[in-house]
Amino acid sequence: MAEDGPRNPTAVKDVPADAFITAFAAYLKQTNKVQLPQYVDYVKTGAFKELSPLDPDWYYVRAAAIARRVYINQGMGVGAFRRAFGGRSNAKGRVTPEHHAKAAGGVIRHALQQLEAMGLVEKNPAARGGRRITPEGQRQMDLVAGGVQVTRFHYLA
């Protein structure tokens, strides 16, 4: 039978997505290696949005989410991230039918370039392209994941 004591996670896949993204965004902000674009205060994350993000650290959160997705699903490019981070094109309650709209590619491209400059991801040399995680990036992300507290559920018999 498995051990009943608390167990620390050892990889990104062992941690819930929201907890890891929050922790890795704080790590990216703390390291001061990510250079924010000049337009970070007033850019929207997609053409279907009305306002820019309200969280002042939204860029670090987006970069952390992109890094996690590259870790889990290697080979994703800017187009795949635009589809993944997209949303509904029309507000609810309008007459026209809603359709899926892609997210802003410039923000995603800049975040990937910053992650490449840090050495966390690299371009995939395979024919399909996209990005993949580097061994150093995997090590850093696993270290951050190891520091995340994971609550374990116990079932009463």
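Up top you'll find the structure we're talking about.
Please read all numbers here as calculations on a predicted model, not as lab measurements.

**Let's talk about unusual backbone geometry**
- Of note in the backbone geometry, Asn32 takes a positive phi value of approximately 60° without being a glycine.
- Note that Asn32 resides in the loop between α1 (17-31) and α2 (58-72).
- Overall, the relative accessible area of 63% leaves Asn32 in the exposed class.

**Quick notes on the side chain of Arg62**
- For Arg62, the location among the structural elements is in helix α2.
- For the buried residue Arg62, which engages in no salt bridge, the nearest side chain bearing the opposite charge is Asp55, 10 Å off.
- With residues up to four places along the chain from it excluded, the contact list for Arg62 reads Thr45, Phe85 and Val107.

**Digging into the pattern of salt bridges**
- One pass over the structure, following the stated rule, counts 5 salt bridges.
- The salt bridge partner of Arg131 is Glu116, with a shortest N-O separation of 2.3 Å. Of this pair, Arg131 sits in strand β4 (residues 131-133) while Glu116 sits in helix α4 (residues 105-118), and the two are 15 residues apart along the sequence.
- Owing to a relative accessible area of 10%, Arg131 belongs among the buried residues under this scheme.
- The shortest N-O distance in the salt bridge between Arg132 and Glu122 comes to 2.6 Å. With Arg132 in strand β4 and Glu122 in strand β3 (residues 121-123), the pair connects residues that are 10 residues apart, well separated along the chain.
- When its relative accessible area of 30% is taken as the criterion, Arg132 is described as partly exposed.

What counts, and where the lines are drawn
- Residues numbered from 1 in each chain as written.
- Predicted model: local features only at pLDDT ≥ 70, side-chain atom pairs only at ≥ 80, totals over all residues.
- Heavy atoms only, no water.
- Helix = DSSP H or I, 4+ residues; strand = E, 2+ residues; numbered from the N terminus.
- Buried < 20%, exposed > 50% of the residue type's maximum accessible area, 1.4 Å probe, protein only.
- Lys, Arg positive; Asp, Glu negative; His and termini not counted.
- Salt bridge = Lys/Arg side-chain N within 4 Å of Asp/Glu carboxyl O.
- Contact = heavy atoms within 4.5 Å.

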